[in-house]
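For reference, the chains in residue letters:
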Amino acid sequence: MGLLSRFEGKMEDTVEGAADRMGAAPLSPVQIAKKAEKQMRREKMVGAGKQYAPTLYTVLVNADDDRRLLGYYPTLAGETETYLSAKAAEQGLVMDGQPLVRFIVDDDLRHGKFDVIAEMVASPLVEQLRQEEYARYGILRPQGQGAMGRAAAPAGYQAGYQPAPAPAPAPKPQTMNFNQMADDYDFVPEDTEGRQAYIYDITNDRAFTLPGDAETIGRESKNDIVIPDINVSRVHAEIRQDESGAWILTDLGSTNGTFVNGRQIKSTALQDADRIIVGTTNLEFQLI
């Protein structure tokens, strides 16, 4: 029996009756798995003599379908992750850790339609997103499961989880404005006069020149710096040069936050080579 047949057999009992709940156009778990596999092959990358497969698979669904199938997501995601891992190994593809399959609403999709986006994302960020999925479903890891999460033990993932207690409120990120940093630490900003500033999109290998005026960063095409990442807000952040010559990055109330050198920020002064994360996209601020 092939991998897809085994996957289909496992999913039959899980989604029994789903068609009635979904109406005339139910989402097919097999079609989701097949499209995810297709995107895996399409988005693979070659490096150091190896072929690498994406590790983040975002399934876009209609809002109504999302509400009706929410209870099926944990098992569907876990089985699809297991299927993708097996197919990657079968095709000689290397994955940086276990893959993550998640479901996100796309209001532009019609009932019964879906799409899959496969992305090459670093393992630590995948694991952070996996924890967010656990919190969304209100589930805990089974006892004894490894750090890689549900795909490492699919049987336990289906049956071994228990409802999680309500999570404690996340601590507010510690942010410090530029003037406070200067007062508290005698910090002297780097001299940026006469130096050209850039934002380098590491993930997509693109560079954006910064003129000094306020430039917006986001997913929509109207932004000055467009980031093609479903996890980036439509208008995510802003970067500008203030009167002192310092470059200031400000989060504009984004859904997933803006991170500089691993710390979530609201507004901060940038230094050369600072690493920025918006959504799942890695950026670097550069002075030349």
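Per-chain numbering applies: the sequence of each chain, read as written, is numbered from 1 onward. For this predicted model, a pLDDT threshold of at least 70 governs which residues receive local features, and a threshold of 80 or more governs which side-chain atom pairs are given and counted, while totals over whole chains, interfaces and linings are taken from all residues. To obtain the side-chain values, all non-hydrogen atoms of the structure were included, while hydrogens and water were left out.

Per an unreviewed UniProt entry, the protein carries the name DUF3662 domain-containing protein and comes from Adlercreutzia mucosicola.

Q: Which residues make up the packing of aromatic side chains, and what values do they have?
A: Two aromatic rings, drawn from Phe, Tyr or Trp (for Trp, its six-membered ring), form a pair once their centres lie within 6.5 Å of each other, and the interplanar angle then sorts them: stacked below 30 degrees, edge-to-face above 60, tilted otherwise. Tallied over the full model, the rule gives three aromatic pairs. Chaining the aromatic ring pairs together yields one cluster made of Y73, F103 and Y137. For K35, the ring lying beneath its charged end belongs to F114, and the centroid distance is 5.6 Å. Note on criteria: charge over ring means Lys NZ or Arg CZ within 6 Å of the ring centre, with the direction from the centre no more than 35 degrees off the ring normal.

Q: Just give me the short version of the sheet that holds strand β16 (residues 281-287), but keep the residues and values in it.
A: The six strands are arranged β7-β6-β16-β15-β12-β13 in an open sheet whose pairing can be described as antiparallel. Sheet topology places β7 (206-210) and β13 (263-265) at the edges, where each strand pairs with a single neighbour. Averaged over all adjacent pairs, the angle separating strand axes in this sheet is 30 degrees, with direction ignored. A pair of strands counts as paired when DSSP detects no fewer than two bridges linking them. Strands here mean DSSP runs of E at least two residues long; helices mean DSSP runs of H or I at least four residues long; both are numbered from the N terminus. Relative to strand β15 (residues 275-278), strand β12 (residues 258-260) is paired through three bridges, and the arrangement is antiparallel. Following the sheet pairing, T258 is matched in β15 by V278. Fitted lines through C-alpha atoms give the axes, limited to the stretch in contact for helices. The angle between two N-to-C directions lies from 0 to 180 degrees.

Q: Which residues make up the pairing of β15, and what values go with them?
A: For every residue, the accessible area obtained with a 1.4 Å probe (protein chains only) is divided by the maximum for its type, and the residue is called buried under 20%, exposed over 50%, and partly exposed between those limits. Across the two faces of β15 the burial differs, with I276 and V278 buried and R275 and I277 not buried at all. Looking at chain direction, β15 and β16 are connected through four bridges and run antiparallel. In the sheet register, V278 faces β16, and the bridge partner there is T281. Between β15 and β16, which pair antiparallel in sequence order, lie two residues; one of them, G279, sits at a positive phi of approximately 60 degrees.

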